[in-house]
Amino acid sequence: MNNHRTSSVETYQNFCTEDLRDSYVLDYLFTAGELQLTYTDLDRAIVGSAVPTDSALPLPAGDQLRADFFCQRRELGVINLGAAGTITVDGTSYPMANRECLYIGRGSQEVSFASDDASSPAQFYLLSYPAHADYPTTHAKIEDANKLELGSQADANERHLYQYIHENGIRSCQLVMGFTVLQNGSVWNTMPPHTHDRRSEVYCYFDIAEGHQVAHFMGEPQETRVLWMQEKHVALSPSWSIHCGAGTNSYAFVWGMGGENQRFDDMDGFPITELR
Ligand SMILES: O=C[C@H](O)[C@@H](O)CC(=O)C(=O)O
Ligand SMILES: [Zn+2]
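Scoring rules and cut-offs
Residues numbered from 1 in each chain as written. Chains lettered and ligands numbered in written order. Predicted model: local features only at pLDDT ≥ 70, side-chain atom pairs only at ≥ 80, totals over all residues. Heavy atoms only, no water. Salt bridge = Lys/Arg side-chain N within 4 Å of Asp/Glu carboxyl O. Buried < 20%, exposed > 50% of the residue type's maximum accessible area, 1.4 Å probe, protein only. Donors = N, O, S within 2.8 Å, 3.2 Å for Na, K, Ca; no water. Tetrahedral: all angles 85-135°; square planar, octahedral: opposite > 155°, others 65-115°. Helix = DSSP H or I, 4+ residues; strand = E, 2+ residues; numbered from the N terminus. Lys, Arg positive; Asp, Glu negative; His and termini not counted. Polar contact = N/O pair within 3.5 Å; in protein donor to acceptor, adjacent residues only side chain to side chain. Contact = heavy atoms within 4.5 Å. Core = buried A, V, L, I, M, F, W, Y, C linked by side-chain atoms within 4.5 Å. Patch = residues over 30% accessible without salt bridge, like charges linked within 9 Å, V, L, I, M, F, W, Y side chains within 5 Å. Areas by Shrake-Rupley, 256 points an atom, 1.4 Å probe, with all protein chains shown as cover. Charge placed at Lys NZ, Arg CZ, Asp CG, Glu CD. Near = heavy atom within 4 Å. 1 Å grid on protein atoms, 1.4 Å probe; cavity = no way out; pocket = protein on both sides within 12 Å on 5 of 7 lines; lining within 4 Å. Sits in = over half its atoms within 2 Å of the grid points. Nonpolar A, V, L, I, M, F, W, Y, C, P; charged D, E, K, R; others polar. Points joined across faces, edges and corners; volume = space filled by probe spheres on them. Pairing = 2+ DSSP bridges.

A.B. asks: What is the right way to read the pattern of salt bridges from this model?
C.D. replies: Two side chains that carry opposite charge are able to pair once their charged atoms sit near each other. Taken as a whole and judged by the stated rule, the model has eight salt bridges. Of the charged contacts in the structure, one is a salt bridge between Glu 149 and Lys 147, with a shortest N-O distance of 3.7 Å. On the basis of relative accessibility, which here comes to 39%, the residue Lys 147 falls in the partly exposed class.

Structure follows, in structure tokens:
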């Protein structure tokens, strides 16, 4: 497991592109045949991927956790961004189609990831936070998600938001997780932007068309910076930072949050005209 530190709110303002990316972008996940985990300093989020090919990939506890097993004191959200696969939790198998979600509750001991077809692997995206209670391991298909239709074509931000793990959906201790799909011709996510002081957030961009990128904006609203994101790059967002993006084409992204509360609308929005 990697250890990852983000910078302070004062320091990022003087960063060059490379420093900024080192601090806020994970661009190395989703290696075929590997399970990768990064322990961040944002509310102790662990961000990772599992892309099983010939054999199943077990979820290790990792030395940093000083735990007997990964979910001993943690909960884990998984969304499959690839072809069909299976996740096995303590002997129960959960078939995972593209964009489906599995919440794995605290106390789950043996977790492993497999692909149905090694030549077209599942690509599991992992997001985990510390947990104080056991909630049941729960699978959700796309139709089980709470779907919100946001934005408009005129504002080039028409998008569908699918909430999986949230206060009125799959229950969890602190993890809130789902994904957002930009509709054809729309490019802006999370515009107007917001911060949420009580939570940090992690975005994983996916289904970016060949030859395109997403310009992800971060920073304090009056001091923004841009991170160019490619397929399955992850942007880390401290609670002081906005997080929004404009693609050169339509795309999708998994969002996930952890922290003080789970109230999705506990956000401080900023008027577009005040961004700098
Ligand atoms: O705090 C909430 C998160 O930033 C996202 O859910 C926002 C989002 O997906 C969107 O507006 O497109
Ligand atoms: Zn947010």
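A.B. asks: Any chance you could explain the coordination of the zinc ion (ligand 2) here in plain terms?
C.D. replies: Octahedral metal centres with six donors ideally show angles of 90 or 180 degrees, and tetrahedral centres with four donors ideally show 109.5 degrees. Coordination of the zinc ion (ligand 2) by the protein is provided by His 194 (NE2), His 196 (NE2), Glu 201 (OE) and His 243 (NE2), with metal-donor distances spanning 2.1 to 2.2 Å. Classification of the site at the zinc ion (ligand 2) rests on its six donor atoms, whose angles at the metal span 74 to 177 degrees, yielding the label octahedral.

A.B. asks: Even after reading the chapter, I still don't get the side chain of Arg 74, so can you show me in this structure?
C.D. replies: Structurally, the position occupied by Arg 74 is in strand E6 (residues 74–80). Within the buried core, Arg 74 has no salt-bridge partner, and the shortest N-O distance to an opposite charge, that of Glu 75, equals 8.5 Å. Engagement of the side chain of Arg 74 in a polar contact is seen with the backbone oxygen of Arg 44, the distance being 2.8 Å. A distance of 3.0 Å separates a polar atom in the side chain of Arg 74 from a polar atom in the side chain of Ser 128. Non-local contacts of Arg 74, meaning those with residues more than four positions away in its chain, are made with Tyr 39, Arg 44, Ile 46, Leu 65, Gly 105, Arg 106, Ser 128, Tyr 129, Pro 130 and Ala 131.

A.B. asks: Got a minute to help me understand the nonpolar core in this structure?
C.D. replies: Where a protein is soluble and globular, its nonpolar side chains tend to be buried together. Core analysis: the biggest nonpolar cluster contains 31 residues, and Val 47, Tyr 125, Val 234 and Val 254 have the highest contact counts within it. Elements represented by at least two residues in this core include exactly strand E9 (101–104), strand E11 (124–130), strand E14 (159–165), strand E15 (176–182), strand E18 (199–206), strand E21 (234–237) and strand E23 (252–259). Ignoring anything within four residues of it in the chain, the contact list for Val 254 reads Ile 79, Leu 81, Tyr 125, Met 177, Gly 178, Phe 179, Val 202, Tyr 203, Cys 204 and Phe 206. Core analysis: the second largest hydrophobic core is formed by 23 residues, Leu 57, Leu 65, Ile 104 and Val 111 among them.

A.B. asks: For this particular structure, what's the right way to read a negative patch on the surface?
C.D. replies: The grouping of Glu 18, Asp 19, Asp 22 and Asp 27 at the surface amounts to a negative patch. Looking at the element boundaries, Glu 18 is found in helix H1 (residues 17–24).

A.B. asks: Any chance you could explain the site of ligand 1 here in plain terms?
C.D. replies: Around ligand 1 there are 14 residues in total, and Arg 159, Thr 180, His 194, Glu 201 and Tyr 203 lie nearest to it. Within the side chain of Thr 180, one N or O atom sits 2.7 Å away from an oxygen atom of ligand 1. One nitrogen or oxygen atom from the side chain of Tyr 203 is found 2.7 Å from an oxygen atom belonging to ligand 1. Taking 330 Å² as the accessible area of ligand 1 by itself, protein coverage stands at 98%. Using a 2 Å cut-off from the grid points, one finds that ligand 1 occupies the largest pocket. If you list the elements that add at least two residues to the shell around ligand 1, you get E14, E18 and E23. The greatest single-element share of the shell around ligand 1, amounting to three residues, is contributed by E23. Tallied by class, the residues present in the shell around ligand 1 amount to seven nonpolar, five polar and two charged.

A.B. asks: Help me understand the layout of surface pockets, please; the structure alone is not making it clear to me.
C.D. replies: If you roll a probe as big as a water molecule over the atoms, it shows you where there is empty space left. In this model, the largest pocket occupies a volume close to 190 Å³. Where the lining of the largest pocket is concerned, the elements lending two or more residues are E14, E18 and E23. Element by element, the count of residues in the lining of the largest pocket is highest for E23, at three residues. A breakdown of the residues in the lining of the largest pocket according to their chemical character gives nine nonpolar, three polar and two charged.

A.B. asks: Hey, could you run me through the sheet that holds strand E7 (residues 85–89) in this one?
C.D. replies: Backbone hydrogen bonds hold the strands of a sheet together, and the pairing may be parallel or antiparallel. With antiparallel pairing, the four strands of this open sheet are ordered in space as E5-E10-E7-E8. In the strand order of this sheet, the two ends are held by strand E5 (57–58) and strand E8 (92–96), each with one partner.

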